[in-house]
Amino acid sequence: MKSQPITPEHMINTRREFIRKAVQAGLLSCLPLASVSAASKLKITDEAKATRYNNYYEFSTNKKFVHIIAKDFKPEPWTLSIEGLVDNPLSISLASLPQAATHILRFRCIEGWSMIVPWQGFELAKLLELAKPTSAAKYVRFESIKRPSEMIGQRRNTLPWPYSEGLRLDEAMHPLTLIANGMYGKPLPNQNGAPLRLIVPWKYGFKSIKAIAKIELVAEQPQTTWNSVAPAEYGFYANVNPEVPHPRWSQRREVPLGELKKVRTLPFNGYEDQVAHLYKGMDLSKHF
Ligand code: MTE
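First, a word on what this report is: a plain description of the structure on this page. (Residues numbered from 1 in each chain as written. Predicted model: local features only at pLDDT ≥ 70, side-chain atom pairs only at ≥ 80, totals over all residues. Heavy atoms only, no water.)

Remarks on the packing of aromatic side chains
With the rule as written, the count across this model stands at 13 aromatic pairs. For the pair Trp 226 and Tyr 234, a centre-to-centre distance of 5.0 Å together with 50 degrees between the ring planes defines the contact as tilted. Residue Trp 226 is classed as buried on the basis of its relative accessible area, which comes to 14%. Classification of Tyr 234 by relative accessible area gives buried; the value is 7%. Consider the rings of Phe 268 and Tyr 279, whose centres lie 5.7 Å apart with planes at 15 degrees: the pair is stacked. Residue Phe 268 is located in the loop between β12 (263-264) and α8 (272-275), and its partner Tyr 279 is located in the segment after α8; the two are separated by 11 residues in the primary sequence. The burial state of Phe 268 is the same as that of Tyr 279; both residues are buried. Within the aromatic cluster, the residues linked to one another by ring pairs are Tyr 139, Phe 236, Tyr 237, Phe 268 and Tyr 279. The ring of Phe 236 has Lys 207 sitting right over it, with the charged end atom 4.2 Å from the ring centre. (Phe/Tyr/Trp six-rings, centres within 6.5 Å; stacked < 30°, edge-to-face > 60°. Buried < 20%, exposed > 50% of the residue type's maximum accessible area, 1.4 Å probe, protein only. Helix = DSSP H or I, 4+ residues; strand = E, 2+ residues; numbered from the N terminus. Lys NZ or Arg CZ within 6 Å of the ring centre and 35° of its normal.)

Here you go:
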């Protein structure tokens, strides 16, 4: 990507060696090594940009106002339920969640803008393993909170509420699929999905559902919000793919938030090596 500073190979190796030694010495134990070394080449988006330009229809369709309108939303107390085809249904409070670490990841919206954010979060797989999906579970369905008293956008029928999303079980179990509860070293701001949101960095941003209240293991591909509203525009898979244009937005390029120049969009948003195997044998122009 053009916007990234190019680091000489020998410096990357020196830094990797330094990080490896620091991890061995217990100095960086909260940062997974893979995230640190891969992320060292990424230019992190200004916090003010990432937290003041939000898609969150429960509050407003105007991205610039969401952070103001969402101020009075109360993300605590909160209970997340994990139910459906599981041996061990759970109802978890925020205090009992798995331990979070920092993950610096690209995020690409289908509207053609992108950001690079240090999320605090943990692998969704850790939660799912606690709930023990049965062998009949093939997909995971996510549901946001419905609270029109605090979410004024839900008083209108802009979308069917609550917002919902879905993943295939193997996508949900992939180590890049996170539940985030913080960003930039702070608790997740309301406008970015407090207290808990999904992050699936190789998919368009609408898959990364905010304010998750319920996770359900199911046998069939679930109905999801944008896919049910406009199936020709928003596929269920929604893997970032510069070759498949959206009817209104070519997906070849993107504008990083805070920058003027567009940069090339990468297949699977730059995570091709990690995730392409999940789609072997599938025609991704049909399963878009
Ligand atoms: N989750 C809910 N519940 N409601 C929404 O409107 N918008 C989605 C996604 N998650 C949305 C949501 C879209 S379209 C995008 S691009 C991202 O959130 C934006 O996340 P951000 O505000 O942290 O950039």
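Observations regarding the sheet that holds strand β10 (residues 212-218)
What the 5 strands build is an open sheet, ordered β2-β1-β10-β5-β6; its pairing is mixed. With partners counted over all chains shown, the strands left at the sheet margins are β2 (90-93) and β6 (164-168), one partner each. Going from strand to strand, the sheet's axes swing by 15 degrees on average, the running direction of each strand aside. Pairing of strand β5 (residues 139-144) with β6, which is carried by 5 bridges, proceeds in the antiparallel orientation. Looking at the pairing, Phe 142 lines up with Glu 165 of β6. (Pairing = 2+ DSSP bridges. Axes fitted to C-alpha atoms, helices over the stretch in contact; angles between N-to-C directions.)

Quick look at the pairing of β6
With 5 of 5 residues buried, β6 is to be regarded as a mostly interior element. Going residue by residue along β6, you find Ser 164, Gly 166 and Arg 168 tucked away on one face and Glu 165 and Leu 167 tucked away on the opposite face as well.

Some thoughts on the pattern of salt bridges
Overall, the coordinates contain 14 salt bridges when judged by the stated rule. When the shortest N-O distance is used, the salt bridge between Lys 63 and Glu 111 registers 2.9 Å. Taken together, the positions of Lys 63 in the loop between α3 (47-50) and α4 (66-69) and Glu 111 in the loop between β3 (101-108) and β4 (113-123) put the pair 48 residues apart, joining distant regions of the chain. The exposure class assigned to Lys 63 is buried, which follows from its relative accessible area of 15%. (Salt bridge = Lys/Arg side-chain N within 4 Å of Asp/Glu carboxyl O.)

Description of the environment of Phe 288
Structurally, Phe 288 is set in the segment after α8. In this structure Phe 288 comes out as partly exposed when scored by relative accessible area, which is 30%. When the C-alpha positions of Phe 288 and His 246 are compared, they lie 9.8 Å apart, and in sequence the two are 42 residues distant. Apart from the residues within four sequence positions on either side, Phe 288 is in contact with Pro 231, Ala 232, Glu 233, Tyr 234, Gly 235, Phe 236, Tyr 237, Ala 238 and Val 244. (Contact = heavy atoms within 4.5 Å.)

Section: the site of the ligand
Neighbouring the ligand are 19 residues, the closest being Tyr 57, Glu 58, Asn 192, Arg 197 and Lys 210. Interatomic distance of 2.9 Å between a side-chain N/O atom of Asn 54 and an oxygen atom of the ligand. With respect to the ligand, the side chain of Glu 58 contributes an N or O atom lying 2.7 Å from a nitrogen atom. Considered on its own, the ligand offers 540 Å² of accessible surface; in the complex 97% of this is hidden by protein. Looking at side-chain class alone, the shell around the ligand contains 9 nonpolar, 7 polar and 3 charged residues. (Near = heavy atom within 4 Å. Polar contact = N/O pair within 3.5 Å; in protein donor to acceptor, adjacent residues only side chain to side chain. Areas by Shrake-Rupley, 256 points an atom, 1.4 Å probe, with all protein chains shown as cover. Nonpolar A, V, L, I, M, F, W, Y, C, P; charged D, E, K, R; others polar.)

A look at the environment of Asn 181
Tracing the chain through its elements places Asn 181 in strand β7 (residues 178-183). By relative accessible area, which is 24% here, Asn 181 ends up partly exposed. Once the C-alpha coordinates of Asn 181 and Gly 193 are considered, the two residues, 12 residues apart in sequence, prove to be 8.4 Å apart. Not counting residues up to four positions away in its chain, the partners in contact with Asn 181 are Ala 100, Gln 120, Gly 121, Lys 186, Pro 187, Leu 188, Pro 195 and Leu 196.

Some remarks on the nonpolar core
Trp 119, Leu 127, Phe 142, Leu 198, Trp 202, Ile 215 and Leu 217 are the most contacted members of the largest nonpolar core, which has 74 residues in total. Contact partners of Leu 198, with chain neighbours within four places excluded, come to Leu 124, Phe 142, Leu 167, Thr 177, Leu 178, Ile 179, Lys 207, Ser 208, Ile 209 and Ile 212. (Core = buried A, V, L, I, M, F, W, Y, C linked by side-chain atoms within 4.5 Å.)

Quick look at a nonpolar patch on the surface
Together, Phe 65, Ile 68, Ile 69 and Ile 152 make up an exposed nonpolar region whose accessible area comes to about 340 Å². Relative to the elements of secondary structure, Ile 69 occurs in helix α4. (Patch = residues over 30% accessible without salt bridge, like charges linked within 9 Å, V, L, I, M, F, W, Y side chains within 5 Å.)

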